Amino acid sequence: MAANAVDFAGTLCGCRYEKELETHFRDCLLFYIDGRIRFERYCYGEAACLVFSLWANGLDETGKILWVKEPEFEVDQKAIPRVITDVQENGTALQVDNQRKRYVKAEEFDEDKPNGYGRFKVFLLRRKLKKH
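Criteria and thresholds
- Residues numbered from 1 in each chain as written.
- Predicted model: local features only at pLDDT ≥ 70, side-chain atom pairs only at ≥ 80, totals over all residues.
- Heavy atoms only, no water.
- Pairing = 2+ DSSP bridges.
- Helix = DSSP H or I, 4+ residues; strand = E, 2+ residues; numbered from the N terminus.
- Phe/Tyr/Trp six-rings, centres within 6.5 Å; stacked < 30°, edge-to-face > 60°.
- Buried < 20%, exposed > 50% of the residue type's maximum accessible area, 1.4 Å probe, protein only.
- Lys NZ or Arg CZ within 6 Å of the ring centre and 35° of its normal.
- Core = buried A, V, L, I, M, F, W, Y, C linked by side-chain atoms within 4.5 Å.
- Contact = heavy atoms within 4.5 Å.
- Salt bridge = Lys/Arg side-chain N within 4 Å of Asp/Glu carboxyl O.

Draft legend 1. View of the pairing of strand β8 (residues 103-109). Of the strand pairs in this sheet, strand β1 (residues 14-19) and β8 are connected by six bridges, and their pairing is antiparallel. Directly across from Tyr 17, in β8, lies its bridge partner Lys 105. Summarising the sheet, strand β7 (residues 93-96) and β8 pair through two bridges and their orientation is antiparallel. Across the sheet, Leu 94 pairs through a bridge with Tyr 103, a residue of β8. Count of turn residues in the β7/β8 antiparallel hairpin: six residues, of which Asp 97 carries a positive phi of about 55 degrees.

Draft legend 2. Structural detail: the packing of aromatic side chains. Scanning the entire structure with this criterion turns up nine aromatic pairs. Their ring planes at 10 degrees and their centres at 4.1 Å tell us that Tyr 32 and Tyr 117 sit as a pair that is stacked. Taken as a pair, Tyr 32 in strand β2 (residues 25-32) and Tyr 117 in the loop between β8 and α2 (119-131) lie far apart in primary sequence, 85 residues in all. Pair check on accessibility: Tyr 32 and Tyr 117 agree, each one buried. Over the ring of Trp 55 we find Arg 36; its NZ or CZ atom is 4.0 Å from the centre of that ring. The positively charged end of Arg 41 is found above the aromatic ring belonging to Phe 25, 3.9 Å away from the centroid.

Draft legend 3. A look at the nonpolar core. By size, the foremost hydrophobic cluster in this structure holds 32 residues, and its most contacted members are Phe 8, Tyr 17, Leu 29, Phe 31, Ile 37, Trp 67 and Ile 84. Contributing elements (two or more residues each) for this core: β1, β2, β3 (37-43), β4 (50-59), β5 (65-67), β7, β8 and α2. Excluding residues that lie within four positions of it along the chain, Phe 31 makes contacts with Ala 5, Phe 8, Ala 9, Cys 13, Gly 14, Cys 15, Tyr 17, Arg 36, Ile 37, Ile 84 and Leu 94.

Draft legend 4. The arrangement of unusual backbone geometry in detail. Its identity as a non-glycine residue notwithstanding, Glu 89 has a phi of 50 degrees, on the positive side. Within the secondary structure, Glu 89 is located in the loop between β6 (84-88) and β7. A positive phi angle is found at Asn 90, which is not glycine, with a value near 55 degrees. Its place among the elements puts Asn 90 in the loop between β6 and β7. Residue classification places Asn 90 among the exposed residues on the basis of a relative accessible area of 83%.

Draft legend 5. Fine view of the pattern of salt bridges. In total, this model carries 12 salt bridges according to the counting rule given. Its salt-bridge partner being Arg 16, residue Glu 40 comes within 3.2 Å of it at the nearest N-O pair. Here Glu 40, found in strand β3, pairs with Arg 16, found in strand β1; they are 24 residues apart in sequence, far enough to count as distant. The exposure classification of Glu 40 matches that of Arg 16, with both residues buried. Two residues, Asp 27 and Arg 41, come together in a salt bridge whose shortest N-O distance is 2.7 Å. Here Arg 41 lies in strand β3 and Asp 27 lies in strand β2, a separation of 14 residues in the sequence. On the basis of relative accessibility, which here comes to 10%, the residue Arg 41 falls in the buried class. It is possible to trace a salt-bridge network through shared partners that takes in Arg 16, Arg 38, Glu 40 and Glu 107.

Rendered as structure tokens:
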């Protein structure tokens with residue numbers, strides 16, 4: 001696979017892809033215009049909250065996600081997407097680790113302040129991208 005993480009980030013700040021048909025957790029992959037990737041796992045129900053999240057520095061040439069740090073618990077390690085194995089529907093659906101459940105594009109966002117992508121940083125990143 002010859003895709004780059006930036007290919008899935010859209011034109012603003014980034015895009016959120018959510019795992020389809022998930023019943024116990026809400027798993028999300030966020031792609032940013034600087035090539036970074038964030039995985040977030042939320043629980044459903046009355047006490048819905050963020051369970052854990054991870055950062056990656058992008059993808060290698062095979063589609064392997066380059067995680068910065070693995071979680072400590074084995075159950076969390078099993079939840080982590082490892083390799084984007086197929087890009088479907090013009091990039092709006094991603095098959096990961098050859099699993100049946102795909103990550104489907106849910107939204108494109110123009111900033112993500114909680115994760116360090118405020119308006120000024122996004123402005124600078126978009127300017128830098130235009131130069132290249």
